[in-house]
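# A look at the structure
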Amino acid sequence: MLDSKFFPLVAGIAAAITISVLAYLEAFTGQGLWLMAPFGASTVLVFGLPKSPLAQPKNVFFGHVLSALVGVIFVTFVGVEPWSLGVATGVAIALMLVTKTTHPPAGANPVLIMLTGQSWSFLLTPVAVGAVVIIAMGFAVNKLVHKQ
(Lines give C-alpha, C1' and ligand atoms only; values in the text may rest on other atoms or scores of the structure.)
Protein backbone atom coordinates (compact mmCIF):
# COMPACT_ATOMS: atom_id res chain seq x y z
CA MET A 1 0.00 0.00 0.00
CA LEU A 2 1.22 3.48 -0.81
CA ASP A 3 2.43 5.56 2.12
CA SER A 4 -0.35 8.10 2.76
CA LYS A 5 2.06 11.04 2.75
CA PHE A 6 2.75 10.36 -0.94
CA PHE A 7 -0.91 9.93 -1.93
CA PRO A 8 -1.53 13.58 -2.93
CA LEU A 9 1.59 13.55 -5.12
CA VAL A 10 0.62 10.30 -6.82
CA ALA A 11 -2.96 11.52 -7.36
CA GLY A 12 -1.71 14.76 -8.87
CA ILE A 13 0.77 13.02 -11.15
CA ALA A 14 -1.87 10.50 -12.28
CA ALA A 15 -4.34 13.30 -13.05
CA ALA A 16 -1.65 15.24 -14.92
CA ILE A 17 -0.74 12.21 -17.03
CA THR A 18 -4.38 11.40 -17.79
CA ILE A 19 -5.29 14.92 -18.90
CA SER A 20 -2.05 15.14 -20.88
CA VAL A 21 -2.83 11.86 -22.68
CA LEU A 22 -6.24 13.21 -23.69
CA ALA A 23 -4.72 16.53 -24.78
CA TYR A 24 -2.03 14.80 -26.84
CA LEU A 25 -4.60 12.54 -28.49
CA GLU A 26 -6.50 15.64 -29.49
CA ALA A 27 -3.38 17.41 -30.77
CA PHE A 28 -1.87 14.49 -32.65
CA THR A 29 -4.87 12.77 -34.18
CA GLY A 30 -6.68 15.81 -35.52
CA GLN A 31 -9.73 13.58 -35.14
CA GLY A 32 -12.20 15.62 -33.13
CA LEU A 33 -12.12 16.42 -29.47
CA TRP A 34 -10.62 14.16 -26.82
CA LEU A 35 -10.73 16.56 -23.91
CA MET A 36 -13.34 18.63 -22.12
CA ALA A 37 -13.19 20.69 -18.94
CA PRO A 38 -15.34 18.40 -16.75
CA PHE A 39 -12.67 15.70 -17.14
CA GLY A 40 -10.38 17.75 -14.90
CA ALA A 41 -12.93 17.45 -12.11
CA SER A 42 -13.39 13.75 -12.87
CA THR A 43 -9.69 13.15 -12.26
CA VAL A 44 -10.01 14.77 -8.82
CA LEU A 45 -12.49 12.06 -7.86
CA VAL A 46 -10.89 9.13 -9.68
CA PHE A 47 -7.37 9.75 -8.40
CA GLY A 48 -7.98 11.76 -5.24
CA LEU A 49 -10.96 9.84 -3.84
CA PRO A 50 -10.78 6.47 -5.60
CA LYS A 51 -13.00 4.66 -3.06
CA SER A 52 -15.83 7.19 -3.40
CA PRO A 53 -18.99 5.81 -5.01
CA LEU A 54 -18.91 8.89 -7.24
CA ALA A 55 -15.50 7.85 -8.64
CA GLN A 56 -16.43 4.31 -9.67
CA PRO A 57 -16.14 3.33 -13.35
CA LYS A 58 -19.91 2.96 -13.81
CA ASN A 59 -20.47 6.45 -12.44
CA VAL A 60 -17.68 8.06 -14.45
CA PHE A 61 -18.77 6.50 -17.75
CA PHE A 62 -22.54 6.60 -17.50
CA GLY A 63 -22.63 9.87 -15.59
CA HIS A 64 -20.76 11.58 -18.42
CA VAL A 65 -22.58 9.80 -21.25
CA LEU A 66 -26.09 10.27 -19.87
CA SER A 67 -25.62 13.92 -19.00
CA ALA A 68 -23.95 14.60 -22.34
CA LEU A 69 -26.85 12.88 -24.09
CA VAL A 70 -29.24 15.24 -22.32
CA GLY A 71 -27.16 18.20 -23.49
CA VAL A 72 -27.15 17.04 -27.13
CA ILE A 73 -30.88 16.33 -27.05
CA PHE A 74 -31.56 19.82 -25.72
CA VAL A 75 -29.26 21.60 -28.14
CA THR A 76 -30.77 19.62 -31.04
CA PHE A 77 -34.47 19.68 -30.20
CA VAL A 78 -35.11 22.38 -27.59
CA GLY A 79 -32.57 25.10 -28.20
CA VAL A 80 -30.32 27.09 -25.95
CA GLU A 81 -32.07 29.54 -23.67
CA PRO A 82 -31.41 30.47 -20.06
CA TRP A 83 -34.33 28.31 -18.93
CA SER A 84 -33.30 25.33 -21.11
CA LEU A 85 -29.76 25.37 -19.70
CA GLY A 86 -31.25 25.01 -16.24
CA VAL A 87 -33.80 22.38 -17.22
CA ALA A 88 -31.19 20.29 -19.06
CA THR A 89 -28.88 20.37 -16.07
CA GLY A 90 -31.73 19.36 -13.76
CA VAL A 91 -32.78 16.53 -16.06
CA ALA A 92 -29.19 15.27 -16.27
CA ILE A 93 -28.82 15.29 -12.49
CA ALA A 94 -32.16 13.52 -11.99
CA LEU A 95 -31.22 10.92 -14.61
CA MET A 96 -27.87 10.22 -12.93
CA LEU A 97 -29.56 9.88 -9.55
CA VAL A 98 -32.30 7.58 -10.85
CA THR A 99 -29.78 5.33 -12.64
CA LYS A 100 -27.38 5.39 -9.66
CA THR A 101 -24.61 6.74 -11.88
CA THR A 102 -24.06 10.07 -10.15
CA HIS A 103 -20.78 11.72 -11.10
CA PRO A 104 -20.77 15.41 -10.09
CA PRO A 105 -18.35 16.63 -12.81
CA ALA A 106 -20.82 15.33 -15.41
CA GLY A 107 -23.37 17.85 -14.18
CA ALA A 108 -21.47 20.43 -16.24
CA ASN A 109 -21.88 18.49 -19.49
CA PRO A 110 -25.28 19.83 -20.58
CA VAL A 111 -24.15 23.44 -20.05
CA LEU A 112 -20.87 22.86 -21.90
CA ILE A 113 -22.57 21.06 -24.78
CA MET A 114 -25.38 23.56 -25.12
CA LEU A 115 -23.18 26.66 -24.93
CA THR A 116 -20.76 25.29 -27.54
CA GLY A 117 -23.47 23.82 -29.82
CA GLN A 118 -22.11 20.28 -29.92
CA SER A 119 -23.60 17.50 -32.04
CA TRP A 120 -24.16 13.77 -31.63
CA SER A 121 -20.53 12.94 -32.43
CA PHE A 122 -19.52 14.69 -29.19
CA LEU A 123 -21.01 11.71 -27.33
CA LEU A 124 -18.26 9.46 -28.74
CA THR A 125 -15.33 11.87 -28.57
CA PRO A 126 -14.64 13.36 -26.20
CA VAL A 127 -17.31 12.05 -23.84
CA ALA A 128 -17.31 8.23 -24.07
CA VAL A 129 -13.71 7.76 -25.18
CA GLY A 130 -12.40 10.31 -22.68
CA ALA A 131 -14.33 8.68 -19.84
CA VAL A 132 -12.85 5.30 -20.80
CA VAL A 133 -9.32 6.75 -20.77
CA ILE A 134 -9.90 8.21 -17.31
CA ILE A 135 -11.31 4.90 -16.07
CA ALA A 136 -8.42 2.91 -17.54
CA MET A 137 -5.84 5.23 -16.00
CA GLY A 138 -7.68 5.08 -12.68
CA PHE A 139 -7.71 1.30 -12.79
CA ALA A 140 -3.99 1.16 -13.57
CA VAL A 141 -3.03 3.62 -10.84
CA ASN A 142 -5.24 1.99 -8.23
CA LYS A 143 -4.01 -1.53 -9.06
CA LEU A 144 -0.33 -0.72 -9.45
CA VAL A 145 0.24 2.04 -6.93
CA HIS A 146 -2.47 1.73 -4.32
CA LYS A 147 -2.85 -2.06 -4.51
CA GLN A 148 -6.65 -1.63 -4.49
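Everything discussed here concerns the structure shown above.
Just so it is clear, the model here is predicted, and its values are computed rather than measured.

## Notes on the layout of surface pockets
When its volume is computed, the largest pocket comes out at roughly 180 Å³. The wall of the largest pocket is formed by 12 residues, among which Gln56, Pro57, Gly138, Phe139 and Asn142 lie closest to the centre. Of all the secondary structure elements, the ones that give two or more residues to the lining of the largest pocket are helix H3 (57-78) and helix H6 (124-144). At five residues, H6 tops the list of elements feeding residues into the lining of the largest pocket. Grouping the constituent residues of the lining of the largest pocket by class yields seven nonpolar, four polar and one charged.

## Structural notes on the nonpolar core
Core analysis: the largest hydrophobic core is formed by 20 residues, its most contacted members being Phe47 and Ile134. Going through the elements one at a time, helix H1 (7-29), helix H2 (38-48), H3 and H6 are the ones with two or more residues in this core. Each residue touching Ile134, except ones within four places of it in the same chain, is listed here: Thr18, Leu22, Phe39, Ser42, Thr43, Val46, Phe47 and Val60. Residues Phe74, Leu85, Ala88 and Ala92 belong to the second largest nonpolar core, which totals six residues.

## Some details on helix H4 (residues 82-98)
Quick reminder: α-helices carry 3.6 residues per turn. Residues three or four places apart thus point the same way. Helix length check: H4, at 17 residues, gives a terminal C-alpha distance of 25 Å against a target of 24 Å (1.5 Å per residue), a fit within 8%. Every buried residue of H4 is accounted for by Ser84, Leu85, Ala88, Thr89, Ala92 and Met96. One side of H4 holds all its buried residues, which, seen down the axis, span an arc of 135 degrees. Among the exposed residues of H4, those oriented more than 90 degrees off its buried face are Pro82, Trp83, Leu97 and Val98. Of the surrounding secondary structure, the elements contacted by the buried residues of H4 are H3 and helix H5 (109-116). Just downstream of H4, Lys100 is the residue with a positive phi angle, here 55 degrees.

## Points about the environment of Trp120
Examined against the element boundaries, Trp120 turns out to sit in the loop between H5 and H6. In this structure the C-alpha to C-alpha distance between Trp120 and Val72, which are 48 residues apart in sequence, comes to 6.3 Å.

## Details of the side chain of His103
Within the element layout of this structure, His103 appears in the loop between H4 and H5. Since its relative accessible area comes to 0%, His103 is described here as buried. For His103, the side chain forms a polar contact with the main-chain oxygen of Leu54, separated by 2.8 Å. Sequence-distant contacts of His103, defined by excluding residues within four places in its chain, comprise Ser42, Leu45, Leu54, Asn59, Val60, Gly63, His64 and Met96.

## Description of unusual backbone geometry
The omega torsion of the bond from Thr125 to Pro126 falls at 15 degrees, within 30 degrees of zero and hence cis. Tracing the backbone through its elements, the reader meets Pro126 in helix H6. Positive phi is not limited to glycine here, since Lys100 has a value of about 55 degrees. When you line up the elements, Lys100 lands in the loop between H4 and H5. Lys100 gets classed as exposed once you look at its relative accessible area, which sits at 61%.

## Observations concerning a nonpolar patch on the surface
A surface patch of nonpolar side chains, amounting to about 680 Å² of accessible area, comprises Ile73, Phe77, Val78, Trp83, Val87, Val91 and Trp120. Of all the secondary-structure elements, those providing two or more residues to the nonpolar patch are H3 and H4. Within the secondary structure, Ile73 sits in helix H3. Taking the relative accessible area as the measure of exposure, Ile73 reaches 32% and is therefore partly exposed.

Conventions used here
Residues numbered from 1 in each chain as written. Predicted model: local features only at pLDDT ≥ 70, side-chain atom pairs only at ≥ 80, totals over all residues. Heavy atoms only, no water. 1 Å grid on protein atoms, 1.4 Å probe; cavity = no way out; pocket = protein on both sides within 12 Å on 5 of 7 lines; lining within 4 Å. Points joined across faces, edges and corners; volume = space filled by probe spheres on them. Helix = DSSP H or I, 4+ residues; strand = E, 2+ residues; numbered from the N terminus. Nonpolar A, V, L, I, M, F, W, Y, C, P; charged D, E, K, R; others polar. Core = buried A, V, L, I, M, F, W, Y, C linked by side-chain atoms within 4.5 Å. Buried < 20%, exposed > 50% of the residue type's maximum accessible area, 1.4 Å probe, protein only. Contact = heavy atoms within 4.5 Å. Expected span 1.5 Å × (residues − 1). Arc of directions from axis to C-beta. Polar contact = N/O pair within 3.5 Å; in protein donor to acceptor, adjacent residues only side chain to side chain. Patch = residues over 30% accessible without salt bridge, like charges linked within 9 Å, V, L, I, M, F, W, Y side chains within 5 Å. Areas by Shrake-Rupley, 256 points an atom, 1.4 Å probe, with all protein chains shown as cover. Salt bridge = Lys/Arg side-chain N within 4 Å of Asp/Glu carboxyl O.

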